[in-house]
Amino acid sequence: MKHYLQFSDLTADEYDYLLSRAALIKKKFKNYEKHHTLSDRTLAMIFEKASTRTRVSFEAGMYQLGGSVVHLTTGDSQLGRSEPIEDSARVISRMTDLVMIRTFGQDKIESFAAHSRVPVINGLTNEFHPCQILADIFTFIEHRGPIAGKVVAWVGDGNNMANTWLQAADLLGFTVHVSTPGGYEVDEKLAFNGKTPREGCYKVFKDPLEACKGADLVTTDVWTSMGYEAENAVRMKAFADWCVDLDMMQAAKPEAVFMHCLPAHRGEEVTAEVIDGPQSVVWDEAENRMHVQKALMEFLLLGQQAD
Ligand code: CP
Ligand code: NVA
């Protein structure tokens, strides 16, 4: 049984399969063709933080695969009344076939997985957001072809998205140029679980404009992630120079695309001109969450499919 708790949980070959399977699943969806590979299967979705895209993409995706979903939050389940995570895992995984969790610490999802009878998917933790990076890579390939050898500029917080980009670069052979304000750097140990990453898979830049030079993809995220709201005022000041603007996009390659996992704050981490401009692929990126997650759920439950 496989879980998907971090990007590094799958191999490069498995990603090759998933990305091509997601393309097939997307094509069938666009043609209104049925793809009921998970009929009678149930996905439990546990949200301890807010969500729009993750909820809609998993819920709609599971129905489109012929299955059904159960939606739980901290507030409306015993999770919010201190039932141990291990007990919750034992119970929920006896009644469902697959579990998606959005929570705070990675340790929480790991404890759940360790006590689960069924595969567990990370729908975002403080440390990682693997489903989003899977969608981002799928979107890049759709627009620009293979990502190996390309440069991704990460401008902003050294957060869950940044850590996951680093894992993906290590595994899939591209480079991430990282530029964060001082005090918000990526933590290499955390991003790579203490392992030494592939030489040159990421480079750190003080100046965000320098990080964008020659990039094939420029991407950013909110300055204050969920769970860090108390730091908001301090972060607004610290991140003021890390707003992706037209100068940064012009420093990148002419064919560079802009991505943002959303939700976005125009005028903070990105200008309206960039996110609403011709290089932005954010709406495809959001939609693709559903297609790649359908491929992922199918893969975790059925393995690789021949047709
Ligand atoms: N990008 C993303 O995960 O969005 P939600 O927080 O809306 O799920
Ligand atoms: N880094 C953001 C991503 C939201 C999808 C957060 O964790 O809130």
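Residues numbered from 1 in each chain as written. Chains lettered and ligands numbered in written order. Predicted model: local features only at pLDDT ≥ 70, side-chain atom pairs only at ≥ 80, totals over all residues. Heavy atoms only, no water.

Attention shifts here to the packing of helix α1 (residues 12–30) against helix α5 (residues 130–144). Taken N-terminus to C-terminus, the directions of α1 and α5 make an angle of 70 degrees; their axes are 11 Å apart at the nearest point. Accordingly, the angle class assigned to the pair α1 and α5 is roughly perpendicular. Taken together, the residues of α5 that come into contact with α1 (itself represented by Tyr15, Leu18, Leu19, Ala22, Ala23 and Lys26) are Leu134, Ile137, Phe138, Ile141 and Glu142. Partitioning the contact of α1 with α5 into residue classes produces nine nonpolar, no polar and two charged. (Axes fitted to C-alpha atoms, helices over the stretch in contact; angles between N-to-C directions. Helix = DSSP H or I, 4+ residues; strand = E, 2+ residues; numbered from the N terminus. Parallel < 35°, antiparallel > 145°, perpendicular 65-115°, else oblique. Contact = heavy atoms within 4.5 Å. Nonpolar A, V, L, I, M, F, W, Y, C, P; charged D, E, K, R; others polar.)

Attention now goes to the side chain of Ser88. Tracing the backbone through its elements, the reader meets Ser88 in helix α3 (residues 85–95). Classification of Ser88 as buried rests on a relative accessible area of 5%. Those residues in contact with Ser88 that lie beyond four places of it in its chain are Leu79, Glu83 and Phe112. (Buried < 20%, exposed > 50% of the residue type's maximum accessible area, 1.4 Å probe, protein only.)

Taken together, the neighbourhood of ligand 2 is formed by Leu124, Asn159, Asn160, Asp221, Val222, Ser225, Met226, Cys261 and Leu262. Asp221 has a polar side-chain atom sitting 2.6 Å from a nitrogen atom of ligand 2. Here a nitrogen atom of ligand 2 sits 2.7 Å away from a polar atom, N or O, in the side chain of Ser225. Its free accessible area being 270 Å², ligand 2 has 94% of it covered by the protein chains. By residue class, the composition of the shell around ligand 2 is five nonpolar, three polar and one charged. (Near = heavy atom within 4 Å. Polar contact = N/O pair within 3.5 Å; in protein donor to acceptor, adjacent residues only side chain to side chain. Areas by Shrake-Rupley, 256 points an atom, 1.4 Å probe, with all protein chains shown as cover.)

This is a description of form; function is not addressed.
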